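Chain and residue survey
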Amino acid sequence: VIETRPVIEVDFQPVGKRVHVRQDTSVLQAAIEAGLGITSACGAHGSCGKCRVVILSGETNLPTANEKRIGLQDGERLACHTLLRSDARIFIPPSSLLGQQRLQTDSSLAQSPVDPVVRSFDLEISAPTLTDLRADLQRITDELRSNHNVAVGMVDIPTACHVSRLARHHNWRFRVFVRGDEIVGAAPTGTPPVGMAVDLGTTKIAAYLLDLETGRELAAAGALNPQIAYGEDVISRLNVADRQEDGTRLLAHAVRETLSELLANLTEAAGIDSGQVADCCIVGNTAMTHLLLELPIRQLVRTPYVAAVSSAQDIKVRQIGLQTAPGAYVHILPCIGGFVGADHVAMILAVDMDRVDQVTLGIDIGTNTEILLAHPERGFMGSVSCASGPAFEGAHIANGMRAAPGAIEAVSIVGPHMHVDTVDDAPPIGLCGSGVVDAMAALHKEGAMNRSGRLDADHPWVTTQSGVREVILTAADKSGTGRDITLSQEDINQILLAKGAIRAGLEILLKAAQIEPDAVREIIFAGAFGSFLNINNALTIGLFPRYRNAIFRQVGNAAAVGAKQALLSHAVRLRARQLAAETKYVELSTFPTFNRYFALGMLLPDENESQR
Ligand code: FES
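What counts and what doesn't
Residues numbered from 1 in each chain as written. Predicted model: local features only at pLDDT ≥ 70, side-chain atom pairs only at ≥ 80, totals over all residues. Heavy atoms only, no water. pLDDT = per-residue confidence, 0-100. Contact = heavy atoms within 4.5 Å. Pairing = 2+ DSSP bridges. Helix = DSSP H or I, 4+ residues; strand = E, 2+ residues; numbered from the N terminus. Axes fitted to C-alpha atoms, helices over the stretch in contact; angles between N-to-C directions. Phe/Tyr/Trp six-rings, centres within 6.5 Å; stacked < 30°, edge-to-face > 60°. Lys NZ or Arg CZ within 6 Å of the ring centre and 35° of its normal. Parallel < 35°, antiparallel > 145°, perpendicular 65-115°, else oblique. Left-handed = near helix turned anticlockwise from the far one by under 90°. Nonpolar A, V, L, I, M, F, W, Y, C, P; charged D, E, K, R; others polar. Expected span 1.5 Å × (residues − 1). Buried < 20%, exposed > 50% of the residue type's maximum accessible area, 1.4 Å probe, protein only. Salt bridge = Lys/Arg side-chain N within 4 Å of Asp/Glu carboxyl O. Polar contact = N/O pair within 3.5 Å; in protein donor to acceptor, adjacent residues only side chain to side chain. Arc of directions from axis to C-beta. 1 Å grid on protein atoms, 1.4 Å probe; cavity = no way out; pocket = protein on both sides within 12 Å on 5 of 7 lines; lining within 4 Å. Points joined across faces, edges and corners; volume = space filled by probe spheres on them.

Notes on the confidence of the model for the chain
- Of the residues in the chain, 95% have a pLDDT of 70 or more, and the chain-wide mean is 90.
- Considering only residues more than four positions removed or in separate chains, one finds that residues 100-105, a stretch of pLDDT under 50, has 31 contacts.

Things to note about the sheet that holds strand β11 (residues 217-224)
- Read across the sheet, six strands follow the order β11-β10-β9-β12-β14-β13 without closing on themselves; strand pairing throughout is mixed. At either margin of the open sheet sits one strand with a lone partner, and together these are β11 and β13 (313-316). Taken pair by pair, the neighbouring strands of this sheet meet at an average axis angle of 20°, ignoring direction.
- Sheet analysis places β13 next to strand β14 (residues 329-332), joined by four bridges and oriented antiparallel. Note on β14: the bridge partner recorded for Lys316 is Tyr329.

Some details on the packing of aromatic side chains
- Tallied over the full model, the rule gives five aromatic pairs.
- Over the ring of Trp172 we find Arg139, and its NZ or CZ is 5.8 Å from the ring centre.

Comments concerning the packing of helix α5 (residues 234-243) against helix α7 (residues 286-293)
- Remark: α5 packs on α7, axes separated minimally by 10 Å, with the N-to-C direction vectors making an angle of 30°. The angle between the axes of α5 and α7 places the two elements in the roughly parallel class. Classified by chirality, the crossing of α7 by α5 is left-handed. Between α5, through Val234, Arg237, Leu238 and Ala241, and α7, the contact on the second element is made entirely by Ala287, Met288 and Leu291.
- Tallied by class, the residues present in the contact of α5 with α7 amount to six nonpolar, no polar and one charged.

Considering helix α10 (residues 489-512)
- The end-to-end C-alpha distance of α10, which contains 24 residues, comes to 34 Å, matching closely the 34 Å that a straight helix rising 1.5 Å per residue would cover.
- The buried fraction of α10 is high, at 18 of 24 residues.
- Gln514 sits one or two positions beyond α10 and adopts a positive phi of about 55°.

Regarding the pattern of salt bridges
- Counted under the stated rule, the structure contains 26 salt bridges.
- Among the ionic pairs, Arg298 bridges to Asp242, the shortest N-O distance being 2.7 Å. Of the two residues, Arg298 sits in the loop between α7 and β13 while Asp242 sits in helix α5, which places them 56 residues apart along the sequence.
- For Glu522, the salt bridge goes to Arg553, with nearest N and O atoms at 2.8 Å. Linking Glu522 in strand β24 (residues 522-526) with Arg553 in strand β25 (residues 551-554), this pair joins segments that are 31 residues apart in sequence.

A word on the side chain of Arg139
- Inspection of the secondary structure puts Arg139 in helix α3 (residues 136-148).
- You can call Arg139 buried: its relative accessible area is 1%.
- A polar contact is formed between the side chain of Arg139 and the backbone oxygen of Ala127, at a distance of 3.3 Å.

Concerning helix α14 (residues 570-582)
- When the terminal C-alpha atoms of α14 are compared, their 19 Å separation across 13 residues agrees well with the 18 Å that a helix rising 1.5 Å per residue should span.
- Turning to α14, its buried residues number three or more, namely Val572, Arg573, Arg575, Ala576, Leu579 and Ala580. What you see down the axis of α14 is that its buried residues fit within an arc of 160°, all on one side. Facing away from the buried side of α14 by over 90 degrees, the exposed positions are Ala581 and Glu582.
- The opening residue of α14, the one whose side-chain oxygen lies 3.2 Å from the backbone nitrogen of Ala571, is Ser569.

So, the layout of surface pockets
- Of the voids in this model, the largest pocket is the one considered here, and its volume is about 1,100 Å³.
- Along the wall of the largest pocket there are 44 residues; nearest its centre are Gly49, Arg52, Ile397, Ala398 and Asn399.
- Only β22 (468-474), β23 (485-488) and α10 provide two or more residues apiece to the lining of the largest pocket.
- Grouping the constituent residues of the lining of the largest pocket by class yields 15 nonpolar, 18 polar and 11 charged.

Focus: the pairing of strand β19 (residues 417-422)
- Note: strand β18 (residues 407-414) against β19, six bridges, orientation antiparallel. The residue of β19 that forms the bridge with Val414 is His417.
- Where β18 hands over to β19, the hairpin turn is made up of two residues, of which Gly415 adopts a positive phi near 55°.

Concerning the sheet that holds β23
- If you trace the three strands from one edge of the open sheet to the other, you get β21-β22-β23, paired in antiparallel fashion. Only two strands of the sheet have a single neighbouring strand rather than two, namely β21 (462-465) and β23. With strand direction ignored, the average angle separating the axes of adjacent strands in the sheet is 50°.
- Note that β22 and β23 share four bridges and pair antiparallel. Bridging from a neighbouring strand, Ile472 pairs with Thr486 of β23.
- Against the sheet, α10 makes contact with β22 and β23, and its axis sits at roughly 60° relative to β23, the strand it touches most.

And the structure:
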């Protein structure tokens, strides 16, 4: 097909980024091509209203029915529904821009065994002569066998080419990287092999470069998952992959490109050559790993929601387009169930949930909230996945946003004053998950809501706009948008739905294990949201029950820690395999009591319960 549409220039402000695209490209697509992230919670369906932009100049299509329904302000358009007809200048307001989100790459690695799957051997081999005509590779494998007791059975062609050139370049004194019985790379003598560990989150990607000999972290980098442009939650993205021609490839390509950039940044920061990267380990939820590997995803969006592949995978890194040692592999940890993925397995490894000596719950709150229950006495480990939705990440909340500068992250009411704290102390432009929880807790304590979360129209904090009850957290004159930053009744309902899902998951998991709530001794919160969450406020709104004998621990990005541990240790990978096989996946929808628990879980605690 010959493309006949003329090329136009689009200038994005305030970032000052220009891009050339074909006429009739959507603003959202143009932004993606410019490498800019615009929030698109609904996967470009025109229903979330998160992708608002202002057309400063240029011709476009007329506003669509969806845009009219959403009720945009003067000059605003939805990036996903606006088609560009000519050169244009577009303003992306901060609330629509995904650029500077707080990315959690801080994940300290506790004492962890270092027994990597890749080992290195310094070789000194005699050069070929007319009386010793062995091939290059033969000389190397002979040397490994006779002087290092290593039997090599495999070397692929790209690696053989690299090793042969490097050996000759260094006069046959060099180092090889060996994985099992395979040579995967080579480097000058004494060069340590390094590895990359990745936590491939639905929203964020955190990547780390580690020395495979010492376990030392050399560099860390984070990026937004570029698939966000195709939908904020896993289901929207899986639907794009399922329905759009070449959709899976498109999503895979997007994330592979970002991984490639992250790896380049890491090697540059650590001052090493990409050929030293001899191993990788990636963890992510089942959808993320399926999309990365271009595995079939249709069955993930249809009941009974099963993975195409749940076992651990080892594939050549070059298959996903990364520049490493030529024969290096990437290891993907196994998953437990359709929506309990390798990231959950990594979290279990990181906090040693499979080795606890008391009844422990591990909770990772996200679009899907995964909960693990370990009962060591009974030898029981069980997991559930609750569809809590992206509300805690700011999606489906009218003024919601991620934890970027200007996001309200903490709210309290003291006397007649509402106090808000924002990320980086920037003027408020929206509120992120922890801000929503805090705001609800403060309003609940003030008696501004009933147990069903219904705002009391007569309460002094509550106002009514166009028939919708809401609470103004920051007035227009103090906000960074010139508009009130509010928490509406609809926002509260979204959080209650998420809360209902989490509470139902907890109830059913305990029931499935026949464990009384009082037996729970520790609750571990992992993940970005769980780390920033004010636990007392979460308890005030009953996001979790008050287990009488339990203590709480917030552990940060545990999935990333698990990924590093698995990168550094063969034994940890074996442990991951075993615990994934032994953990019982509890499917919530098969429990007839699910709906009742869900409905009860949506209720706010009564006063006594909140204070207890
Ligand atoms: S309205 Fe444009 S992405 Fe949702």
